Amino acid sequence: MSHILIVLLVAGFIFRKPLGRLLARQFPDRAKRQQVLGTIIVAFLLVIAVRLFALFW
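What this report covers is the structure whose coordinates are included nearby. (Residues numbered from 1 in each chain as written. Predicted model: local features only at pLDDT ≥ 70, side-chain atom pairs only at ≥ 80, totals over all residues. Heavy atoms only, no water.)

1. Topic: a nonpolar patch on the surface
- On the surface, Ile-6, Val-10, Phe-13, Ile-14, Phe-15, Leu-19 and Leu-22 cluster together into a nonpolar patch covering about 710 Å² of accessible area.
- Looking at the nonpolar patch, the elements that each hand over two or more residues are α1 (2-14) and α2 (16-26).
- Here the nonpolar patch gets four residues from one element, more than from any other, and that element is α1.
- The residue Phe-15 is located in the loop between α1 and α2 in this model. (Patch = residues over 30% accessible without salt bridge, like charges linked within 9 Å, V, L, I, M, F, W, Y side chains within 5 Å. Areas by Shrake-Rupley, 256 points an atom, 1.4 Å probe, with all protein chains shown as cover. Salt bridge = Lys/Arg side-chain N within 4 Å of Asp/Glu carboxyl O. Helix = DSSP H or I, 4+ residues; strand = E, 2+ residues; numbered from the N terminus.)

Right under this line is the structure:
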């Protein structure tokens, strides 16, 4: 599972400009776009935290 997250992060980094343009078109409001990005980042962090918690349980 963790290798899937790494692949997604690398793909997101490589394609960040097209993804940024796609998000800008989908959410023209800057505050809403930042809220969506923040939600995605928090979701990734929660998944990583839960996996670490399960690993050390």
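2. Let's talk about the environment of Gln-26
- By the secondary structure assignment, Gln-26 is in helix α2.
- Gln-26 sits in the exposed class, given a relative accessible area of 56%.
- For the pair Gln-26 and Leu-52, spaced 26 residues apart in sequence, the C-alpha to C-alpha distance is 33 Å. (Buried < 20%, exposed > 50% of the residue type's maximum accessible area, 1.4 Å probe, protein only.)

Keep in mind these values describe shape, not function.
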